[in-house]
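This is what each chain is made of:
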Amino acid sequence: MSAATKDFKIREFPVEENPKEHYLNAASGLKSWLFTVDHKRIGLMYLASIIFFFFVGGLLALALRLELWEPARTFMDADTYNRVFTLHGAVMVFLFIIPSIPAALGNFFLPMMLGAKDVAFPKLNLLSFWIYSFGALFTLYSIAHGGVDTGWTFYTPYSTSTGTAVISMTLGVFIMGFSSILTGINFIVTVHKMRAPGQTWGKLPLFIWSLYATAIIQVLATPVLAITLLLLIMERTLGVGIFDPALGGDPVLYQHFFWFYSHPAVYIMIVPAFGIISEIISTFSKKTIFGYWLIALSSLAIAFTGFLVWGHHMFVSGQSELSTIIFSFLTFFVGIPTGIKILNWVATMYKGSIDMKTPMLYAMMFLFLFSIGGFTGIMLGALSVNVHLHDTYYVVAHFHYVMMGGTVFAFLAGIHYWWPKMTGKMYNELWAKIASVVLFIGFNVTFLPQFVMGSQGMPRRYYSYIEQFQTLHQTSTVGSWVLGLGFIIVGIYLTISLFSKANKASSNPWGARALEWMSSSPPPHHNFNHTPVVLHNPYDFHKPISEFRLGIDGSDNHHEHTEVAQTQPAEKS
Amino acid sequence: MLETINRLILPQVSSTFAADVDGLFTFINVASAIILLGITVAIIYFSVKYKRKSEDDVTPVIRYNTTLELTWTIIPLILILIVFAWGFRGHIDMRTPPSNAYEVYVTANSFFWQFTYPNGVQTTDELYVPAGRPVKLIMQSRDVIHSFFVPDFRVKQDVLPGRYTTAWFQTLGTGEHVIFCTEYCGSGHSDMDGMVYAIEPEEFDAWLREQKELSEQELPLAVLGQNLYQQQGCAGCHSLDGNVVIGPSFQGLYMDERQGADGSSRVADEDYLRESINNPGEFITSGFNNIMPGYSYLSEDQVSAIIEFIKEQQ
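Residues numbered from 1 in each chain as written. Chains lettered and ligands numbered in written order. Predicted model: local features only at pLDDT ≥ 70, side-chain atom pairs only at ≥ 80, totals over all residues.

A. Looking closely at the sheet that holds strand β5 (residues 134-141) of chain B. Residues and elements named next belong to chain B. If you walk across this open sheet you meet the five strands as β3-β2-β1-β5-β8, and the pairing is mixed. The sheet is open, and its two borders are formed by β3 (122-124) and β8 (165-170), each paired with just one other strand. Pairwise comparison of adjacent strand axes, ignoring direction, gives a mean angle of 25° for this sheet. Where strand β2 (residues 112-116) and β3 come together, three bridges link them in antiparallel fashion. Across the sheet, the residue bridging to Q114 is T124, located in β3. (Pairing = 2+ DSSP bridges. Helix = DSSP H or I, 4+ residues; strand = E, 2+ residues; numbered from the N terminus. Axes fitted to C-alpha atoms, helices over the stretch in contact; angles between N-to-C directions.)

Put into structure tokens, the structure is as follows:
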């Protein structure tokens, strides 16, 4: 512990159960939400927005799967189908999955896990949310004005020649990029400057490490997407030849620019999920996390390596053979830190005290599904096999195993893990388990057949297909209905839990050790009414829980002093 | 047993590369399945064996184990190096056409494939090749990016506007193999398929001569037009029976009053048809998209022949 904290006297601060005052009733009215600088309320607004867009993207997915019931037309024409798959991709990627874990759960829990009262720049945080909403409006405008039919990748020269609303859509994505960048900056500064006294880098929860790695990618990669989309808009509106060969441009250059962002963006989507899984496996195994530093640093390794592999999306694009070979070689090196994480998580369970509650069940499903996503990624990284599988349903299945089986299952794990903390209410455990099993089955029935179709050569983004693939397509469609059912069950029991009176959650229902559990459920307006002090690693389950509830004696300020107390510096980074 | 599974999940093996690709595919699947099984069994075993007995359970503090961490770093490292090297070797073969390869020029259009043989013969959506001989495709696109994919050959290559890309294959025997476009290119993307016909080399030579003779015959304009209607890919979008596929049907088109997307209207006379072939973006009929590529490379005679053919579709 450094000099900054040595003069403090610390004592245990018991946690208030069933608090009368908390962040949800600290203020009321629409304005108290829309103009709040409370990271928790901003987190919840993000959560509501992304759940809305997940619902929209999900309906689009169900429509796609239904259309694929018949080899030719089922109920929509080719142009509509092309718009629907584009919107499904764009909504799910830019409006749901990129902001999902960092902006919703991250916003809520990053400051709490650091023992801070808010993020470093609370107003900037609110601005991020407003920029996100503004960008989302552009997207909705594009949908209302005929949609976009380019695929979420906006490949040129198709995207510069099609007659659909490409400009408003890409502008929306451009704008939302700023939200992502600002959130990233906010998180980086918060982690550096706002940690509780005693919370060294080695005592950071792994969710924080994963958000930190993600924030670095957000800040470094998103500007490249912004530049790319701006160039695309310039080419469409002003006729400046950047990508269109008819104007002297190069269409493959667009792909390089696009994937320079969008490959690291895959890690923006998945790395925060790793953080959630670390928290949950340790908590529900009641055991020290195995290989703390390897898990923490592998997030940074993945973030770094992720910048060097974009060309693996372009093995058959006509890029040079040398680049293709180098990109293939580097791609495999993302697999190593990822594999290390998975095995460390499994090792954490060894000799643990395992409680298979809903969040843990989701975490186990994550391990299984994400491993399949990882192995099929190795398959796609292998050059000669990639040539066959590229742009087939194999790729579609692969990234759904990573993004949905990985990120969405981890997100569900996180929602169920932190639901009692966020809302102060406990959901029905039995229904939650039933829903998770329904989702697991539905997911596999939907996407496993897609691996087979892809291996057989079924190309992606096909409105109609040859009859040979019909059985597999229909199986996949049935799976999508099971998935839909699973999400309906989740929606129902979570909603019921909010309005029911009898199911108040305790402050630490899972017996976890990280700081967010050392505050009430739901937490007070400023997270803690004292300045927390950290002595132990957040996974030290062998230490008495009282040693995780320490704070600076005499810092138990109430509302009139909170702003002053906020200036108490954490250890300098 | 692996062979049986592969036959269920992979297309037939019809080119010289296919077996090697399938071998690597199988290797990765088997290695992955073993590791996945290990992980799954460990998860289930731990979940049962170390199930929480009471809230006061005490667990041992195990923070790290260098041997274990090294093991599960080095073994995957070896595996991925094998996979990389295997894929790399296979890829080099795919990218190195033999110097004696038979060359066919491929032009991708929205939404059809044109193949031009060394003697000038052209086919559309049907690629005839001599079986068992290396064939090199020299490809470019006339509009957006397309991708040439033959699952049975394990061959795929994007086809770009303004630049040639190449691919090659050698079939193992005679047969018919489907071609897909695998780079999304718009409304007709999923209809942009075709067939490769691998036939005996002698048969192929005869076919080529026969096609050449056919193309040199003096044909009546409307018959020439009909041939061009097939060869130039018109048939992919414009039906002859009144059905709307992607573009307007040719049935009853001639002298019809066309309502434009911009509100104007024009009569589909010869001038109109000529403009619509050479420069289709000038006047878009209401209800259709501006997606047809221009055909200004056709000769005046060829354009006239197509117009004559359209006139016959009443």
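There's plenty left to go through after this.
B. Looking closely at the packing of helix α11 (residues 358-381) of chain A against helix α2 (residues 18-49) of chain B. Contact pair α11 of chain A / α2 of chain B: the axes reach a minimum separation of 10 Å and the direction vectors enclose 165°. The angle between α11 of chain A and α2 of chain B falls in the class roughly antiparallel. In this structure, α11 of chain A meets α2 of chain B at a crossing whose hand is right-handed. In contact with M364, L367, F368, S371, I372, F375, I378 and M379 of chain A of α11 of chain A, α2 of chain B contributes I28, S32, L36, I39, T40 and I43 of chain B. (Parallel < 35°, antiparallel > 145°, perpendicular 65-115°, else oblique. Left-handed = near helix turned anticlockwise from the far one by under 90°. Contact = placed C-beta atoms within 7 Å.)

C. Examining the sheet that holds strand β7 (residues 155-159) of chain B more closely. Residues and elements named next belong to chain B. Taken in spatial order, the five strands make up an open sheet running β4-β10-β9-β6-β7, and their pairing is mixed. At either end of the open sheet lies a strand with only one pairing partner, and these are β4 (126-130) and β7. Strand-to-strand twist across the sheet, computed as the mean angle between neighbouring axes with direction ignored, equals 20°. Direction of pairing for strand β6 (residues 146-150) relative to β7: antiparallel, over a ladder of five bridges. Residue pairing across strands places F148 opposite Q157, the latter belonging to β7. With respect to the sheet, helix α4 (residues 201-216) is in contact with β4 and β10 (194-199), its orientation differing from that of β4 by roughly 130°.

D. Quick look at the interface of chain B and chain A. With 71 residues of chain B at the contact, the number on the chain A side is 74 residues. Of all the secondary structure elements, the ones that give two or more residues to the side of chain B that touches chain A are α2, α3 (66-94), β6 and β7 of chain B. Among the elements that line the side of chain B that touches chain A, the one with the most residues is α3 of chain B, at 15 residues. Residues belonging to the side of chain B that touches chain A are distributed by class as follows: 38 nonpolar, 19 polar and 14 charged. (Nonpolar A, V, L, I, M, F, W, Y, C, P; charged D, E, K, R; others polar.)

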